[in-house]
Every structure is written in C-alpha cells, then in structure tokens.
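Below, each chain spelled out in residue letters.
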Amino acid sequence: MSLEGARGGLQELDRAGEPSRGPRPSRLGSGLRELAAQVIPAAIGLGAMLGAWEAWIEIKNVKPYLVPAPHRVAERLYEDAWFFTQEGLKTLEGALLGFVLGAGVAIVLASLMSQARVLERAIFPLAILIKVTPIVAIAPLLTIWFGFGLMPKVFIAALIVFFPIMVNALIGFRSINAGSLALLESLSASRAEVFLRLRLPSALPYLFAAFRFSVPLSVIGAVVAEWFSGDRGLGSVIYIANNNLDMATAFAGVFMLAILGVALFLVTAAIERRVLFWHESNWAD
Amino acid sequence: MVYEDTQRSLRALAGIDLSIGRGEFVSIIGPSGCGKTTLLRIVGGLQSPTSGRVLIDGRAPQEAQREKQIGFVFQDPSLLPWRNVIENVRLPLQVNRRKHTGKDPERVVELVGLENFRRYYPHQLSGGMQQRVAIARSFVTSPSVLLMDEPFGALDEITRSAMRFELLRVWRSEAADPDCTVVFVTHSISEAVLLSDRVIVMSPQPGRIAASLEIDLPRPRDEAVEETQQFIDYTRRLRGLLREHALV
C-alpha cells in the first residue's frame, strides 16, 4: 500500500465517518417504551408496599389514630385535594425562594473566593459557622425576627442549601482545564472573561450535583420553618393534624411532601440534562 | 529560568540564545524534561523567565498577547466541551476585544476539512478531529507566531502522519499570515525533519541548546519527501546529534 493511498483512506474515514456518539434518538415510541420500562417496576414496588400496609392494618386491627390505612389517606387527599394542593404550593413557594436566595449568595461568594485565596480565608470560616449551626436551633429565632409567614421559610431554606452549593461551586470554579486557561491567557483575556467563558461553564456539572440534593433540602427547610412558625403550608398542616391525632391528614400531608420532593428532583434532573448535554455524565450509554 | 521550591531550586533552562527568522518553521527536539515546554511557555508569555528576555518583533510576549499575535496549540486539544466546532474556533475572536479582526471561523474550519462537522461537539469528534479544531482555532486570529507543544503527541501514528501535512498545508494557505513563524516542540525525529526549516536540539539538566540543524528540503513537502535520500540523511544526522548531546 502506498503512502498516498493510506492518506486518502484515512481522510475519508476521519471526515465522512459517523462520530462515535451521534445525537441521541428522540423518537416518541422508543421514549415511551423506555419510560414504561422505568415506571412499571417502580409502580409494582410501590403497590406491593401499600398492599402490605393495608393488610397489616386490617389483620392487626391497628387503631386509626396510630397509623391510618392507605385507603383512608387516599380518601382524605381526594376529599380535600384543593386544600392540600394550596398548602403544598405555599411550602413550594418558600422552598424555591429560599433555594434561589441561598444558591445565589453561595455562587456569588464562591466566585469571589475563586479569585483570591485571601478571600477564601475570610469567607470560608463564616460559611462553616453557618454550616455547623443546627438549623432547628435558630428556627424559633427567625420567627421572632421575621414573624409568621413566608420570610422564615425562605431564610431557613436558604441557610440549609447555602453550604453544599457554595462548596461545590468553589470546587467547580477551580476545576478548569489547564490548556484552556493557558489558551485564554495567551490571548490576554481578562479575569472576567476567564470567569464567564471558562470557570462558570466548568462549574456547571458541580453546581447541578449540588442542586440535585439541595433542592429537596430546601423543602425540608421550608417544612421545618412551618413547623415552628407557619400559619400555612404542609408543615403546619402536619403539625396541627399530629396534635389532633388526625393521622389520615398528617399522612396525606407527608404524602404531598413526598410528591413535591420527587417532582422537584425530576425537574432538576431534566434541566440538568438540557444544560449539561456536553458533559460525560449525560452521554448516551 | 530557575524553578524554586522550599527544598531546593531547579535550574530548568540556562543560557538559551536563539533567534528565529520571520516565517521560519523551527522545531525543538530533546528528551523529556529538557525544558522544551518551559521554553515555549516563556516565548509565549505564559511564564516569565527568572532572568533574560524574549522579544517578538521587538516587543515583549505580553504585548504580542494583547495584539493576539501568539497562537498556541497544546498536546491536549483543550477545546471547550460546551461549544461546538465553530464556536470553539470563534473563541479567540470573542475574548480580549482590543483586537477583534481575524479570519472567518467558517473558512478556517473548512480549511482543516471539518466543514461537515461545524455543529458537532468535541465529545462527538475523534482525537485527530479535535486537534484539527485546535489548529483552526490557533489560526483564526492570524497570529505572527504559532507555538505548538507536541500537538500530535497523543495521536496514533497514522493520524499523526496525515496531520503533519495538514498543518503544512494550512500554514501555507491564505488562512495564515504569510510571515507566520512556527515554533514546534516534538519528540519525533522524522516529524521535526519533515516540518522544519531548522531543528534545535536541546539537552537536559539544565535545559540548553546543544545543536542546530538546517533542513534544506524543498517546499511544499508531501509524502514523497519521506522517501528521498535527503530526508533519510537528515533524520540520520539528527539522530546522531541527539545521541551525542541529549542523552541524560
């Protein structure tokens, strides 16, 4: 084989060849099948658990003020669907606003720390102080300062998501490809340009890893706040129902919280897939 | 250049005296750890020498950087994974807006033969294609100095040999400044001979210039060059120089 031929062959392969990973197939049929394959086993598992629960209550004759039968909880949810939805939205409001506030402050502080070690030494200890303070201990304080309603929820949710997002953001801002940095430096790019064009996108996988578990954490924060100071929201619904030994309502509230958590997790994952399409965590298997 | 740490200082480079003509293609060859990369980074203004200076057209490298006169290609293509081919090639035009003139990214991408892959992302491309994007990116600002640090070092031998000619073709095409000077760091004797007007042999500890070899092969060069007696003689002489100077 002549060198000439070898070169021609290579170029054809290299240029016309299919890339190793093409755009993923988005046909509706295969999408549905994939969804069914994921959902059906989960549904069977959940059904089995509810069935066992129902049977246990029936056989052992467990008192409804201790543990309610699943069908009672379902009845309760069905009767007052609008009530539970509204209270759920109240909790969601506090959780999401808190998440946005906490994440915003965390990302801004991490971006400052990524610019100079001295800023890191100034800010990081304060962040650790916030981290190690039990949220439950300061929740009553926040009620005194901010009263009832939305503000304590937002604050507690923000405090709870702040630290993990800040730590991940800081690692992300520093996890940059050395060659890409050298390239930008060789073009005399400014610090702001390096940040926006390289550090921020490089941090996105780390940020989303933090979002995945801090979004559900923000719901926990909002519920804790409602527990102490809420006039509205699922946290106060559960609190009041508990005091009245109204287990069906309490469990309905818990169920709504679980739905909320799952929904938020799925939304976060969907956004992550869109934003991080370029990252190896999202390449087709 | 002296590297210092707490225990001891390491002299990376010593007494480097080198001038390179405008439009010249110079390769630097030597064993690992002889300071080739450090030298290249100092020439490109990414590192400052402990003593001595570099002048590019009479100016400091940092000044040349501001004018985007320096193009870099590393062994790792260093593409931004969230940008597709054309967006990666456009990047140098988007930062440091003091100088925003340059080549049309579409045209440069065509020149490296990736016109059908403009919207592909780096993870969808082979290693050779990624390095072509990196080369296109280095030419887009039309630099007067192109610094290449073992750009084909991570590629397989077949792709590597094709990429050498690809580089020569783009370097001599209308995409490049006609006076574009290339400094090319490599481990490969045949690569150095094939590409260069001159090969600099470096020896380690501390890194210094041990020998220099003019390569007087006609341009443009193609695959046939590798089979000429002249080419074979040059590689033999270069191998001899390396054996003589560059063994640790």
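So, a few notes on the structure that sits alongside this text. All values derive from a computational prediction rather than experimental measurement.

Now for the sheet that holds strand β3 (residues 25-29) of chain B. The pairing of strands in a sheet happens through backbone hydrogen bonds and is either parallel or antiparallel. Residue and element names in this part refer to chain B. Strand order across the open sheet formed by six strands is β4-β5-β6-β3-β7-β8, with mixed pairing between neighbours. Every other strand in the sheet has two partners, leaving β4 (70-73) and β8 (208-214) as the edge strands with one partner each. Recorded for the sheet is a direction-independent mean angle of 20° between the axes of neighbouring strands. Across five bridges, the pairing between β3 and strand β6 (residues 181-186) is parallel. Bridge pairing in β6 links Ile29 to Thr186. Relative to the sheet, helix α8 (residues 229-245) contacts β3, β7 (198-203) and β8, its axis offset from that of β8 by approximately 165°.

Judged by nonpolar contacts, the single largest core of 72 residues is most densely connected at B:Val108, B:Ala136 and B:Leu147. Ranked by residues supplied to this core, first place goes to helix α5 (residues 127-139) of chain B with six residues. Contacts of B:Val108, omitting those with residues within four sequence positions, involve B:Val89, B:Lys103, B:Ala136, B:Phe139, B:Val140 and B:Ala175. Judged by nonpolar contacts, the second largest core, of 53 residues, contains A:Phe84, A:Ala157, A:Ala158 and A:Ala222.

This brings us to the environment of B:Leu167. Residue and element names in this part refer to chain B. Among the structural elements, Leu167 can be located in helix α6 (residues 157-171). The exposure class of Leu167 is buried, given the 25 C-beta atoms found within 10 Å. As a C-alpha pair, Leu167 and Leu195 span 28 residues in sequence and 8.8 Å in three-dimensional space.

Let's shift gears to the pairing of strand β5 (residues 145-149) of chain B. Residues and elements named next belong to chain B. Burial analysis of β5 places five of its five residues in the buried class, the great majority of the element. Because side chains alternate across β5, one face comprises the buried residues Val145, Leu147 and Asp149, and the other comprises Leu146 and Met148, equally buried. Bridge analysis of β5 against β6 gives five bridges, and the strand direction is parallel. What sits directly across from Leu146, in β6, is Val182. Where the polypeptide runs from β5 across α6 and back to β6, its parallel neighbour, the crossover connection is right-handed.

Residues and elements named next belong to chain A. In contact at an axis separation of 10 Å, helix α4 (residues 81-115) and helix α11 (residues 247-275) are set at 50° when each is read in the N-to-C sense. Taken together, the axes of α4 and α11 lie oblique to each other. Note on packing geometry: the crossing formed by α4 with α11 is right-handed. Residues Phe84, Gly88, Thr91 and Leu92 of α4 touch α11, and the partners they reach there are Ala252, Met256 and Leu260. In terms of residue class, the contact of α4 with α11 is made up of five nonpolar, two polar and no charged.

Thresholds applied
Residues numbered from 1 in each chain as written. Chains lettered and ligands numbered in written order. Predicted model: local features only at pLDDT ≥ 70, side-chain atom pairs only at ≥ 80, totals over all residues. Pairing = 2+ DSSP bridges. Helix = DSSP H or I, 4+ residues; strand = E, 2+ residues; numbered from the N terminus. Axes fitted to C-alpha atoms, helices over the stretch in contact; angles between N-to-C directions. Contact = placed C-beta atoms within 7 Å. Core = buried A, V, L, I, M, F, W, Y, C linked by C-beta atoms within 7 Å. Buried ≥ 20, exposed ≤ 12 C-beta atoms within 10 Å, placed from the backbone. Right-handed = clockwise from strand over helix to strand, strands pointing away. Parallel < 35°, antiparallel > 145°, perpendicular 65-115°, else oblique. Left-handed = near helix turned anticlockwise from the far one by under 90°. Nonpolar A, V, L, I, M, F, W, Y, C, P; charged D, E, K, R; others polar.

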